[in-house]
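If you want the building blocks of each chain, they are given just below.
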Amino acid sequence: MKDIGVKDLQAIEVFREVPEDQLQWMIDRSQHYELREGDMMIRPGEPLVGTHVIFSGRIELYRLQNNTKQIIAELLPGTVTGALPFSRGKLAIAYGVCLETAQLMTFPKELLRELVTSHYELTQALVIVMTSRVREFTELEQQNEKMMALGKLSAGLAHELNNPAAAIVRSSASLKEHLLMQPDSFKSLLSIHLSHEEIDLLNSKMISLLNNSNRPVLSMMKRSEKEDEILDWLDLNNIDGCEDIADNLVEFGVGEADLEMLKSKINHDDLSPVLTWINNSLTTERMVADIQEASKRIAELVGSVKTFTHMDRGGEREYVDIHVGIRNTLIMLNYKLKKGNIKVTEDFDLTLPPVKAMVGELNQVWTNLIDNAIDALENQPEAELTLITRRDKEFVKVTVCDNGPGVPAEIRSKIFDPFFTTKSVGKGTGLGLDVVNRIVRQHRGTVTLHSQTGRTEFVVCFPFNG
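Given the structure is predicted, the values throughout are model-derived calculations rather than measurements. (Residues numbered from 1 in each chain as written. Predicted model: local features only at pLDDT ≥ 70, side-chain atom pairs only at ≥ 80, totals over all residues. Heavy atoms only, no water.)

A.B. asks: What should I look at first to understand the packing of helix H11 (residues 322-332) against helix H13 (residues 359-376) in this one?
C.D. replies: In helix packing, the relevant descriptors are the interaxial angle and the interaxial distance, both defined with respect to the helix axes. At a minimum axis distance of 9 Å, the contact between H11 and H13 shows a crossing angle of 45 degrees. One way to sum up the angle between H11 and H13 is to call them oblique. Judged by the sense of rotation from one axis to the other, the crossing of H11 with H13 is right-handed. Between H11 and H13, the residues in contact are Ile-322, Gly-325, Ile-326, Thr-329 and Leu-330 and Asn-363, Trp-366, Thr-367 and Ile-370, respectively. (Axes fitted to C-alpha atoms, helices over the stretch in contact; angles between N-to-C directions. Helix = DSSP H or I, 4+ residues; strand = E, 2+ residues; numbered from the N terminus. Parallel < 35°, antiparallel > 145°, perpendicular 65-115°, else oblique. Left-handed = near helix turned anticlockwise from the far one by under 90°. Contact = heavy atoms within 4.5 Å.)

Following this line, the structure appears as structure tokens:
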């Protein structure tokens, strides 16, 4: 192990202008040692013992997030880390593992007070290290929170897109199969001879059925009764493919009276191929409608994502309807709401004026608060999430409320601290509420917690012209 001297410290940028006597004072009072590959320098929750200076080797800082290793930084020769003057940090928040043999010097935390009172230049150098670290770590934290929000977004989007995408695949395959059968029914239709009056009647009836937007919404029992009535009529009149025809006719609101009217206008021998043609047309219409509805759902989801992420706009503030962001957030987290069987109540004041805000950042607030509320409602009987918007003079007030078990009194004062979390290891990051607090402060607002068993409220309040 190399003996560390003043020149070794002066080779590090941060100590270059520090007087030699102060550097020697630091060297004489520090612990000098080596770490081997695989050795742990620090673990989360362990107390910070002092200021570390790395002279050789590499040390990796990482956290475990959702049981996945997330690398924070790689500490190289010349790095100064650990406890620093005026820092409030007392415990480590990450793992530090040695990647290759490293030589370190650790100045004990107990001597920081003496350093501050007696060695101005050395204190100044270490304070610069601390402010740079805070800035870099804040940027990392914000980036990590955005990635977490993106993860929630992509998971929700995957769940929400799955059903309509599967419906399109299923319906398009069925439609293709159905169209292959059309030539046979067309051949049967051509074999009959309809008068112009009969053709006009059929054409008029088909247009009426396809354009009818007020189709009956029937209970399963009522629908079954209607289908049985139609089946009996079709059997009585020797119509082919009765079951399939009955289902379609009931779906489009055709009853016995309509069939009797059609029977009275058309030759009885022509009735079966005519009804088969009508049935095929209605089947095609239903399949196309299913594909159209599923495609519309996908388009709506993509539109919600675009609005939610605000991907086509910069970070400037603009006037927006606050309810749009909240509702888009609910769409993004809808799969979790369904999974938890959570009832959502929207108590919105829709007369609120637009708010001036950074929309993308504000959507992070709603995502974190609603997602935390959903987690709090896990396995909760009659789980309910209530979202309330109100005007309070020149301020908008948004309340996210759940009927979960509540936040314990002993941790309420820590709930907005960086990295504080009530979640078990591997679940969540603990970043959410700290980021929420910071974004709301950027909007010149406040976020407060009111909690008791059965009712927990996070209240976000900021000016309309924030």
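A.B. asks: What exactly am I supposed to notice about the nonpolar core here?
C.D. replies: Nonpolar side chains tend to gather and get buried jointly when the protein is soluble and globular. Among the nonpolar cores identified, the biggest contains 41 residues, and Trp-366, Ile-370 and Leu-385 are the most heavily contacted of them. Secondary structure elements with two or more residues in this core: H11, strand E9 (355-357), H13, strand E10 (384-392), strand E11 (395-402), helix H14 (432-442), strand E12 (446-452) and strand E13 (455-463). Sort the elements by how many residues they give to this core and H13 lands first, with eight residues. The residues touching Leu-385, leaving out its near neighbours within four places in the chain, are Leu-330, Leu-337, Ile-342, Lys-343, Val-344, Thr-345, Ile-370, Ala-373, Leu-377, Val-400 and Cys-401. Judged by nonpolar contacts, the second largest core, of 39 residues, contains Ile-12, Val-18, Met-26 and Val-53. (Core = buried A, V, L, I, M, F, W, Y, C linked by side-chain atoms within 4.5 Å. Buried < 20%, exposed > 50% of the residue type's maximum accessible area, 1.4 Å probe, protein only.)

A.B. asks: Would you explain the packing of aromatic side chains in this entry?
C.D. replies: For any pair of aromatic rings, geometry is given as the distance between the ring centres together with the angle between the planes. Scanning the entire structure with this criterion turns up two aromatic pairs. For the pair Trp-25 and Phe-107, a centre-to-centre distance of 5.4 Å together with 50 degrees between the ring planes defines the contact as tilted. Residue Trp-25 is found in helix H2 (residues 20-28), and its partner Phe-107 is found in strand E6 (residues 95-108); the two are separated by 82 residues along the sequence. Judged by its relative accessible area of 9%, Trp-25 falls in the buried class. (Phe/Tyr/Trp six-rings, centres within 6.5 Å; stacked < 30°, edge-to-face > 60°.)

A.B. asks: When you look at unusual backbone geometry in this model, what are you seeing that I'm missing?
C.D. replies: Most peptide bonds take the trans configuration, and most residues that are not glycine carry a negative phi. For Asn-341, which is not glycine, the phi dihedral falls at a positive 50 degrees. As for its placement among the helices and strands, Asn-341 is situated in the loop between helix H12 (334-339) and strand E8 (343-347). By relative accessible area, Asn-341 is classed as exposed at 66%. Of note in the backbone geometry, Glu-382 takes a positive phi value of approximately 50 degrees without being a glycine. Here Glu-382 shows up in the loop between H13 and E10. Classification of Glu-382 as exposed rests on a relative accessible area of 74%.

A.B. asks: Got a minute to help me understand the sheet that holds E12 in this structure?
C.D. replies: To summarise the sheet geometry, strands pair through backbone hydrogen bonds and adopt either a parallel or an antiparallel arrangement. Here five strands make up an open sheet; going across it, the order is E8-E10-E11-E13-E12 and the pairing mixed. Strands with a single pairing partner mark the edges of an open sheet, and in this sheet they are E8 and E12. If you compare each strand with its neighbour and ignore which way they point, the axes differ by 15 degrees on average. In this structure, E8 lies alongside E10, joined through five bridges in parallel fashion. Bridge pairing in E10 places Glu-346 opposite Leu-387. (Pairing = 2+ DSSP bridges.)

A.B. asks: Please clarify how a negative patch on the surface should be interpreted in this entry.
C.D. replies: Side chains of Glu-225, Asp-228, Glu-229, Asp-232, Asp-235, Glu-256 and Glu-260 sit close together on the surface and give a patch of like negative charge. Mapped onto the negative patch, the elements with two or more residues apiece are helix H7 (220-236) and helix H9 (256-265). Per element, the largest residue contribution to the negative patch is five residues, and it comes from H7. Mapped onto the fold, Asp-232 is located in helix H7. (Patch = residues over 30% accessible without salt bridge, like charges linked within 9 Å, V, L, I, M, F, W, Y side chains within 5 Å. Areas by Shrake-Rupley, 256 points an atom, 1.4 Å probe, with all protein chains shown as cover. Salt bridge = Lys/Arg side-chain N within 4 Å of Asp/Glu carboxyl O. Lys, Arg positive; Asp, Glu negative; His and termini not counted. Charge placed at Lys NZ, Arg CZ, Asp CG, Glu CD.)

A.B. asks: How do you make sense of the pattern of salt bridges when you look at a structure like this?
C.D. replies: Oppositely charged side chains are able to pair whenever their charged atoms sit close together. Using the criterion set out here, one finds 18 salt bridges in the structure. Here Lys-7 and Glu-20 are joined by a salt bridge, their closest N and O atoms 3.8 Å apart. In this pair, Lys-7 sits in helix H1 (residues 6-10) while Glu-20 sits in helix H2, placing the two residues 13 residues apart along the sequence. Its relative accessible area of 61% is what places Lys-7 among the exposed residues. According to the relative accessible area criterion, Glu-20 is partly exposed, its value standing at 43%. Among the salt bridges present, the one from Arg-223 reaches Glu-251, with a minimum N-O distance of 3.0 Å. Here Glu-251 lies in helix H8 (residues 242-251) and Arg-223 lies in helix H7, a separation of 28 residues in the sequence. Residue Arg-223 is classed as partly exposed on the basis of its relative accessible area of 22%.

Geometric descriptors of this kind do not, in isolation, establish any biological role.
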